[in-house]
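Here's the letter readout for the chains.
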Amino acid sequence: MPMNRRELLAASAAVGVAAAVPSGARQSVPKAKLLLSSQEGIIPARDLAERLAKMEKWGFDGIEVGGGGFPGRVEELQKALANSKLKISAICAGTPGGPLINEDPETRKKAVAAIKELLTCAGELKSTGVIIVPAFNGQTTLNHVEARKALMDLLPEIGEHGAKVGGRILMEPLNRGEAWFLRLLADAAAMCREVNSPGVAMMGDFYHMNIEEPSDMGAFISGGKWLHHVHLASRKRVLPGQDERDFTNGFKGLKLIGYQDYCSLECGCDGDREVEIPKAVKFLRGQWAKA
Ligand code: MG
């Protein structure tokens, strides 16, 4: 069938993208799936049991929990999950015990200990991993080169512990307003590649990516096998579908790498959550189908 110019360009772009993924990876990637999760605080509910029941009804697959209260919360969560189809996606910790990147060795030691404890909990809960920010702006006086060395010196020990307990850290690139040190998914993936440990991985957040990444699809392709979690939010950091932010380009990238982990809401909400969250779930499933 003859193609018009627009169809020809679209077809060549698709071939170009496929060619950009290494052929070995292309042959071996499983079919990607959209597993939807949400941070627990976003879902209105009186308690965990009600929250899980509501999320199941709304079509979620996982729940992302905050990093506070561990290891005490493990048992509570295991009991609640026994009566639910949902699984724990990630534990969102940020900088538990303080920043990993810091000029003071005691501060670094405290951070490593706190992360190791959470990794053990993540393993017990069979979660995807523990979300970590190496350092927020203002948490260190080290320059970029010193900061990277400080982090790279700590990651092998963290990775080794993660591999032992079945947990992994998920380094999260943020936008420059929050963390100049780590802004790009490719940079996070490059650090994972250097450490080369199953306990050290990374993630992407559509809100920060909209500010920093030239291409959602390119960012996720760079993340590749090291990408194990995704945060979902619109341009204004409210629910997907509540403004013009497009998710199809990023979802195409997730499909190309055969993504198997969760995409999890981390955002505010314009309007009534009981109405708007199910709408966002439907919108995201639609974007995935279109991608
Ligand atoms: Mg995030």
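Nothing here was measured: the structure is a model prediction, and the numbers come from that model.

Counting buried positions along helix α9 (residues 216-223) yields seven of eight residues, so the element is predominantly enclosed. Looking one or two places after α9, you find G224, whose phi comes out positive at around 50°.

Another aspect to go through is the pairing of strand β7 (residues 227-232). Where a strand is regular, its side chains alternate between the two sheet faces. Taking burial as the measure, the six residues of β7 include six buried ones, the bulk of the element. Where strand β6 (residues 200-205) meets β7, three bridges bridge the pair, whose relative direction is parallel. Bridge pairing in β7 links M202 to L227. Between the parallel pair β7 and strand β8 (residues 262-265), the chain is carried across by helix α10 (residues 248-256), and the sense of this crossover is right-handed.

Here the focus is unusual backbone geometry. With the exception of glycine, the majority of residues adopt a negative phi angle, and the majority of peptide bonds are in the trans configuration. The amide bond that connects F70 to the next residue, P71, takes the cis arrangement and shows omega of 5°. Considering the arrangement of structural elements, one finds P71 in the loop between β2 (62-66) and α4 (73-82). One non-glycine residue with positive phi stands out, namely N196, at about 55°. At R237, a position not held by glycine, the phi torsion is positive, near 65°. By secondary structure assignment, the location of R237 is in the loop between β7 and α10. Exposure remark for R237: the 17 C-beta atoms within 10 Å place this residue in the partly exposed category.

Spanning 20 residues, helix α5 (residues 105-124) covers 29 Å between terminal C-alpha atoms, matching the ideal 28 Å at 1.5 Å per step. What α5 keeps buried is the set R108, A111, A114, I115, K116, L118, L119, T120, C121, A122 and G123. Against the buried residues of α5 lie α4, β3 (87-94), β4 (129-132), α6 (144-165) and β5 (169-171). Positive backbone phi, at 50°, marks K126, one or two positions downstream of α5.

About the cut-offs
Residues numbered from 1 in each chain as written. Predicted model: local features only at pLDDT ≥ 70, side-chain atom pairs only at ≥ 80, totals over all residues. Buried ≥ 20, exposed ≤ 12 C-beta atoms within 10 Å, placed from the backbone. Helix = DSSP H or I, 4+ residues; strand = E, 2+ residues; numbered from the N terminus. Pairing = 2+ DSSP bridges. Right-handed = clockwise from strand over helix to strand, strands pointing away. Expected span 1.5 Å × (residues − 1). Contact = placed C-beta atoms within 7 Å.

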